[in-house]
Amino acid sequence: MSLIPDDVIEQVREAADIVGIIGEHVELKRTGSDFRAPCPFHGGTHRNFAVIPRKGMFYCFVCHAGGDVFTFFMKKLGMDYPTAVREVARRVGITIPERGPTGPDPREPLYSAVAAAADWFARQLLESPEAQVARDYLTTRHLDLETVQPLGLGYAPKSKALLDAMKGLGVRDEVLLEAGLLAKREDGTLAPRFRGRLLFPIHDLRARVVAFGGRILGDGEPKYLNSSDTPIFHKGKLLYNLHVAKHAMRKAERAILVEGYFDVLRLSLAGIEEVVAPLGTGLTPEQAQLVKRHAPHVILLYDSDESGLRATFRAGDELLREGLRVSVATLPAGEDPDTLVQKKGAAGLQEILQDAVDVLERKIQILDRKGFFGTLPGRRRALDRLLPTIRAATEPITRELYISRAAEAAGVRKDVLERETGSEKRETVRTPSSPGSRFPFPVLPASAEKALLLLMLEGEPWLSRVTEAVDPEELEFPPYRAVFESVADDAVLALDDTSARAYEQLKAEGLGARDPNEMYELAVNWMEARRLERQLEQLDDQLPFETPERQASLIAEKRRVFDELRRRYPRYKIAKRRRGAPGT
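Residues numbered from 1 in each chain as written. Predicted model: local features only at pLDDT ≥ 70, side-chain atom pairs only at ≥ 80, totals over all residues. Heavy atoms only, no water.

Chemist: An account of the overall build of the protein chain is requested, with residue identities and associated values reported.
Modeler: Counting its secondary structure elements, the protein chain contains 25 helices and 16 strands. Considered along the principal axes of its C-alpha atoms, the protein chain spans approximately 90 × 60 × 55 Å. Split into buried and exposed, the 584 residues of the protein chain put 49% on the buried side. Intrachain contacts of the protein chain at a sequence separation of at least 6 include 62% that bridge at least 24 residues. When the accessible surface of the protein chain is split by element, carbon and sulfur atoms take 51% of a total near 28400 Å². With 85 positive and 87 negative side-chain charges, the protein chain shows a spacing of 2 Å between the two charge centroids. (Helix = DSSP H or I, 4+ residues; strand = E, 2+ residues; numbered from the N terminus. Buried < 20%, exposed > 50% of the residue type's maximum accessible area, 1.4 Å probe, protein only. Contact = heavy atoms within 4.5 Å. Areas by Shrake-Rupley, 256 points an atom, 1.4 Å probe, with all protein chains shown as cover. Lys, Arg positive; Asp, Glu negative; His and termini not counted. Charge placed at Lys NZ, Arg CZ, Asp CG, Glu CD.)

Chemist: So what about the sheet that holds strand β11 (residues 224-226)? Which residues, and what values?
Modeler: Overall, antiparallel pairing links the four strands, which are arranged β6-β9-β10-β11 in an open sheet. Both outer strands of the open sheet, β6 (154-156) and β11, are each paired with one neighbouring strand and no more. Adjacent strand axes in the sheet meet at a mean angle of 35°, parallel and antiparallel pairs treated alike. Direction of pairing for strand β10 (residues 209-216) relative to β11: antiparallel, over a ladder of three bridges. (Pairing = 2+ DSSP bridges. Axes fitted to C-alpha atoms, helices over the stretch in contact; angles between N-to-C directions.)

Chemist: Help me get a handle on the pairing of strand β2 (residues 34-37), residues and values and all.
Modeler: Pairing analysis gives three bridges linking strand β1 (residues 29-31) to β2, with the strands arranged antiparallel. Bridge pairing links K29 to R36 in β2.

Chemist: Could you give an account of the nonpolar core, with specific residues and numbers?
Modeler: Counting 65 residues, the largest nonpolar core has F121, M166, L198, F212, Y240, L267 and L301 as its most contacted members. No other element matches the ten residues that helix α5 (residues 108-127) contributes to this core. Counting residues in hydrophobic clusters, the runner-up holds 44 residues, among them L257, L283, L319 and A406. (Core = buried A, V, L, I, M, F, W, Y, C linked by side-chain atoms within 4.5 Å.)

Chemist: Run through the sheet that holds strand β3 (residues 49-52), naming residues and quoting values.
Modeler: In spatial order, the strands read β1-β2-β3-β4-β5; together these five strands make up an open sheet with antiparallel pairing. Every other strand in the sheet has two partners, leaving β1 and β5 (66-67) as the edge strands with one partner each. Of the strand pairs in this sheet, strand β4 (residues 57-60) and β5 are connected by two bridges, and their pairing is antiparallel. Across the sheet, the residue bridging to F58 is G67, located in β5.

Chemist: Summarise the environment of Y155; cite the residues concerned and give the values.
Modeler: On the secondary structure map, Y155 appears in strand β6. When the C-alpha positions of Y155 and D144 are compared, they lie 14 Å apart, and in sequence the two are eleven residues distant. Each residue touching Y155, except ones within four places of it in the same chain, is listed here: F121, Q124, L125, E130, A131, V133, A134, G196, R197, L198 and L217. In terms of polar contacts, Y155 uses its side chain to reach the side chain of E130, at 2.9 Å. (Polar contact = N/O pair within 3.5 Å; in protein donor to acceptor, adjacent residues only side chain to side chain.)

Chemist: How would you sum up the state of the cysteines? Please name residues and give values.
Modeler: Counted according to the given criterion, the structure contains zero disulfides. Free cysteine C60: the closest other cysteine sulfur is in C63, separated by 3.6 Å. When its relative accessible area of 0% is taken as the criterion, C60 is described as buried. (Disulfide = S-S within 2.5 Å.)

Chemist: Describe in detail the packing of aromatic side chains, supporting the description with residues and values.
Modeler: As enumerated under the stated definition, the model contains 19 aromatic pairs in all. Pairing F49 with F58 gives two aromatic rings, centres 5.7 Å apart and planes at 35°, and the pair type is tilted. Given a relative accessible area of 0%, F58 falls into the buried group. Residues F72 and F73 carry aromatic rings whose centres are separated by 6.4 Å and whose planes lie at 75° to one another, so their mutual orientation is edge-to-face. Residue class for F72 comes out buried when judged on its relative accessible area of 0%. By relative accessible area, which is 0% here, F73 ends up buried. By the ring-pair criterion, three or more aromatic residues cluster together here, those being Y137, F200, Y224, Y240, Y261 and F262. (Phe/Tyr/Trp six-rings, centres within 6.5 Å; stacked < 30°, edge-to-face > 60°.)

Chemist: Account for helix α14 (residues 337-354), with residues named and values stated.
Modeler: Helical geometry: 3.6 residues make up each α-helical turn, so side chains three or four residues apart lie on a common side. Taking 1.5 Å per residue as the helical rise, α14 with its 18 residues ought to reach 26 Å, whereas the 14 Å between its terminal C-alpha atoms falls clearly short. When we look at burial in α14, the residues that qualify are P337, D338, L340, V341, G348, L349, I352 and L353. Its side-chain oxygen 3.1 Å from the backbone nitrogen of D338, D336 forms the N-cap of α14. (Expected span 1.5 Å × (residues − 1).)

Chemist: Describe in detail helix α20 (residues 462-469), supporting the description with residues and values.
Modeler: Taken together, the buried positions of α20 are occupied by W462, L463 and V466. Angular distribution of buried residues about the axis of α20 spans 100°; they occupy a single face of the element. (Arc of directions from axis to C-beta.)

Chemist: Could you give an account of the pattern of salt bridges, with specific residues and numbers?
Modeler: Applying the stated criterion across every chain, the model contains 28 salt bridges. Between D338 and R266 there is a salt bridge, and its shortest N-O distance comes to 2.7 Å. With a gap of 72 residues between them, D338 in helix α14 and R266 in helix α11 (residues 261-269) connect regions that are remote in the sequence. For the pair formed by D338 and R266, the shared burial category is buried. Note that K450 is salt-bridged to E509, the shortest N-O span being 2.9 Å. Residue K450 is found in helix α19 (residues 448-456), and its partner E509 is found in helix α22 (residues 497-509); the two are separated by 59 residues along the sequence. A residue is classified by how much of its surface remains accessible, and E509, at 36% relative accessible area, is partly exposed. A single salt-bridge network, built from bridges that share partners, covers E10, R13, D68 and K246. (Salt bridge = Lys/Arg side-chain N within 4 Å of Asp/Glu carboxyl O.)

Chemist: Describe unusual backbone geometry, with residues and values.
Modeler: Cis geometry marks the peptide bond from E221 to P222; its omega dihedral reads -10°. Examined against the element boundaries, P222 turns out to sit in the loop between β10 and β11. With an omega of 5°, the peptide bond between E460 and P461 qualifies as cis. Following the sequence through the fold, P461 ends up in the loop between α19 and α20. Phi is positive for H142, which is not a glycine, with a value near 60°. Structurally, H142 can be placed in the loop between α6 (132-140) and α7 (145-148).

Chemist: Help me get a handle on the environment of D204, residues and values and all.
Modeler: Structurally, D204 can be placed in the loop between β9 (197-203) and β10. The exposure class of D204 is buried, given its relative accessible area of 9%. C-alpha separation for the pair D204 and V19, spaced 185 residues apart in sequence, amounts to 23 Å. There is a polar contact of 3.0 Å between the side chain of D204 and the backbone nitrogen of R206.

Chemist: Could you give me a rundown of the packing of helix α13 (residues 306-321) against helix α16 (residues 376-392), with the residues and numbers involved?
Modeler: Two elements in contact, α13 and α16, have axes separated by 7 Å at closest approach and are oriented at 25°. As summarised for this structure, α13 and α16 are arranged roughly parallel, according to the angle between their axes. Facing α13, whose interface residues are D317, L320 and R321, α16 presents P388, T389 and A392. (Parallel < 35°, antiparallel > 145°, perpendicular 65-115°, else oblique.)

See below:
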């Protein structure tokens, strides 16, 4: 049978009147915004079967059958997926174009295996004594089972019961392994990938379950675990809840992007349905393109701590590259979308969403609050943070506005900033490291900062050791600072052109024959020496403006810091004078 284009399937789904179609098979009665009836699948007599038109889905609270209009035909009339799509298309008057290849989809066994596992996991959450820990955890998050049942949440037991259950359904271990439900140990034995976790089903755009995200219950790492990539699932190419949110996104002409599964859950249950989340990683170009297909405007609703802000601005740059309009909503300190909605409801969140500001404006607010624009060095560093967002803006008017606003905030001429952002033609240079290439390369100073980055690029354990010892703000060379942050957060795709070139050169150079332990010790010592020197500079800046009594105290503190610097790092000043670069 010929494959049906995805855009046509979406057109059919949106045109279908799910209430009218299902109402031909059961007697539906309105209950609020939904419709209820006895379940046509398990033969119930009570109205436990719900049709939810705003979400385009149905669900039975007893037998847990659920899905969209196509799933209803498949379950009720025994159709396969393409036949169900064609039947709905016939009813709404849409012609299905034919395209090859013909024949059954070779991935169908994987879809079936994941669907069967999803049903089994959902039953465990409801019925298994072992799943009491998951039910209790949901209670602590102020979520009851009846609320989360239609969303398909499940529980993966710690035992190998999944293997026995799937074997009873005739699903082979090889299929479970390929579908990402099993993992192969070093000794060759198979074990369930998810054990002792609360599971969130991840759907593709056709509303098929293709993977899971699992939250550990109790001690253990990682806190969240996603399915591995499979022939039917690539975590960088899907967004959690998009299969439902896309309809609301088109209607609202916006998307709300949050960080986690519970954030999505809470907002959806509060009636804010245009909400999606990445799948445990930084936002990818493919995910940004998915958002663009359904909404022209994105509001970023991430945590307001330092890591949340870094993730916010990386996602913002990725979305700007797709030509989207990007705003940032700021949550109160210590709150996330889940906790805020619990405390203040949808109305409280709507107030925050209404106060969202443009992503570049939000950066400027933060930099201004930290005092960056008060000094010349600070303004230079502020521009280093604003430039990636300006460069990411591919929409010409947005970029022009960003350049004007950044120039105004930093007190520089607009034409100078245009040259800096590459909005004017620049001379290209040839570099020895890339014969024949014609693009600007940064000059990379040999320094302690560079040594630390070379170590980070070797992976663990050096990545953890460096990030624990050094704060990214301490790196003074802007491309190095950007590379440090992106490697630490596994988000190198978000680097601007200059920093990406620096990253490529560092990767190409590598450690070579150098001793990593010696490099680490020297580099970290040098960064500590630079910290002490910055303390001296800050004391020098303060001295002229203090009272004589306070000056005496500052001079004593300056002497103490200087003595510590000279005692711990006697060669620091000598080497710095000889080479000039910070930390050389």
